[in-house]
Amino acid sequence: QIAPKPVPLTVADTSKMYGEPDPEFGFSVEGLVERDGAVEELKDVELAREEGEDLGEYAISAVVNAESNPNYAVTVEAGKFTIVPNTTEIVVTVTGHTDSVVYDGEEHAVSGFDMVSSVEAYSVEFVSYDGDSAVAGTDAKIYSMGLAESNFANTSVNFTNVSFVVEDGKLEIVPKPVTLTIANASKTYGEEDPEFTYTTEGLLTFNEVEDSLKSVTLSREEGTDAGEYAITATVDAD
C-alpha cells in the first residue's frame, strides 16, 4: 500500500485599496515530489475569499480536488486578505449658487451649492458641511455667501485623501438705471444765476411716493459773458 504524502498548502496573504479589483490570489506548497527533474504541482486548486468590500480583513480559503491529487493529502492554511483605505487624491469642487437682479427695493436671497468629485467612486454624500449656505440683501451691492474650505469635511473611512476647492456663492443686486435730465435755464447778463433743476426717470415708487436721488449737485461752466454754458450734475454714489 502506498499512502498519500501529507503536504501543507499555504495561501499567500495579500491586500488591495478600497474600490480596486481583487488581485490574483496565490499559494505555495511544500513537500511535493520531484519527478524527472521537475517538481509536481497540485491540480484543481480553487482560491476564494470571504465576501465584503469594506475596510477590514477577510480569510482566503483554498479547496483542493482530492480526486485530481490522489498522491497527496493536503492540509490548508488560510491566507489573509486586507482591504485598506484608498489614498487616491480626490478633489471635491464646491460651487456656490449665484444670482443677479436689478435693484427693485425688495429683498432677494440665494442659497445652496453644488459639489462634484474628481473620482466617480467617491460620492459627495460623504462630505459634511457646517456652515450657513445662504445670503440675502436689498440694497445694490454684492453679498457673499461665505463658503470656505474649512466648512467642508470628508466623513468616509474608505477614502482618506480628499481635498476641497471652493467657489463662493453670491447675490449681486445691480443698481437700477435711472435717467437724470437737467432742465435748460437762462438769465439776463448781470443777473444772478437761477436755481438749476432736473427731472428723473426710472425711480421706484414706495407707498405711492416716488423715491428721490440724494446728494445731487448741479453746477455750470464758469463764465459771465453772454453765451451758452453747460450745466452738469454730480451724483454721490455713496
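See above for the structure.
Calculation criteria
- Residues numbered from 1 in each chain as written.
- Predicted model: local features only at pLDDT ≥ 70, side-chain atom pairs only at ≥ 80, totals over all residues.
- Heavy atoms only, no water.
- Helix = DSSP H or I, 4+ residues; strand = E, 2+ residues; numbered from the N terminus.
- Rg over C-alpha atoms; globule rule 2.2 N^0.38 Å.
- Buried < 20%, exposed > 50% of the residue type's maximum accessible area, 1.4 Å probe, protein only.
- Contact = heavy atoms within 4.5 Å.
- Areas by Shrake-Rupley, 256 points an atom, 1.4 Å probe, with all protein chains shown as cover.
- Lys, Arg positive; Asp, Glu negative; His and termini not counted.
- Charge placed at Lys NZ, Arg CZ, Asp CG, Glu CD.
- Core = buried A, V, L, I, M, F, W, Y, C linked by side-chain atoms within 4.5 Å.
- Polar contact = N/O pair within 3.5 Å; in protein donor to acceptor, adjacent residues only side chain to side chain.
- 1 Å grid on protein atoms, 1.4 Å probe; cavity = no way out; pocket = protein on both sides within 12 Å on 5 of 7 lines; lining within 4 Å.
- Points joined across faces, edges and corners; volume = space filled by probe spheres on them.
- Nonpolar A, V, L, I, M, F, W, Y, C, P; charged D, E, K, R; others polar.

Q: What is the right way to read the overall build of the protein chain from this model?
A: What the protein chain contains, in helices and strands, is zero helices and 25 strands. Against the compact-globule benchmark of 18 Å for 238 residues, the protein chain has a radius of gyration of 41 Å, which places it well outside the compact range. Dimensions of the protein chain, computed from C-alpha atoms along their principal axes, come out at roughly 145 × 40 × 25 Å. Residues counted as buried form 21% of the 238 residues belonging to the protein chain. Across the protein chain, every contact between residues at least 6 apart in sequence was considered, and the portion connecting residues at least 24 apart equals 59%. Summed over its atoms, the accessible surface of the protein chain is roughly 16000 Å², and 47% of this surface lies on carbon and sulfur atoms. Both charge centroids of the protein chain, one from 12 positive and one from 47 negative side chains, sit 6 Å from each other.

Q: Sorry if this is basic, but what is going on with the nonpolar core here?
A: Nonpolar side chains in soluble globular proteins tend to end up buried together. Val92, Tyr122, Val162 and Phe164 are the most contacted members of the largest nonpolar core, which has 17 residues in total. Those elements giving two or more residues to this core turn out to be strand E10 (90-96), strand E18 (162-167) and strand E19 (170-174). Among the elements that take part in this core, E10 stands out by supplying three residues, more than any other. Aside from chain neighbours lying at most four places away, what touches tyrosine 122 is Ile90, Val92, Ser117, Val127, Asn154, Ser156, Phe159 and Val162.

Q: Help me understand the side chain of lysine 16, please; the structure alone is not making it clear to me.
A: With respect to the element layout, lysine 16 can be found in strand E2 (residues 14-17). Side chain to side chain, lysine 16 and aspartate 22 meet in a polar contact 2.8 Å long. Excluding residues that lie within four positions of it along the chain, lysine 16 makes contacts with Pro21, Asp22, Pro23, Arg49, Glu53, Phe81, Thr82, Ile83 and Val84.

Q: Even after reading the chapter, I still don't get the side chain of asparagine 86, so can you show me in this structure?
A: On the secondary structure map, asparagine 86 appears in the loop between strand E9 (79-84) and E10. Given the relative accessible area of 6%, asparagine 86 is considered buried. A polar contact of 2.6 Å, which involves the side chain of asparagine 86, links it to the backbone oxygen of tyrosine 18. The residues touching asparagine 86, leaving out its near neighbours within four places in the chain, are Met17, Tyr18, Asn158, Phe159, Thr160 and Asn161.

Q: Could you clarify how one ought to interpret the layout of surface pockets in this entry?
A: Which parts of space are left empty comes out when a probe the size of a water molecule is rolled across the atoms. Taken as a whole, the largest pocket encloses approximately 620 Å³ of empty space. Residue composition of the lining of the largest pocket, by class: nine nonpolar, two polar and six charged. Empty space within the second largest pocket amounts to approximately 320 Å³. If you go around the second largest pocket, you meet 18 residues; those closest to its centre are Ala185, Ser186, Lys187, Gly227 and Tyr229. For the lining of the second largest pocket, a count of residues per class yields seven nonpolar, six polar and five charged.

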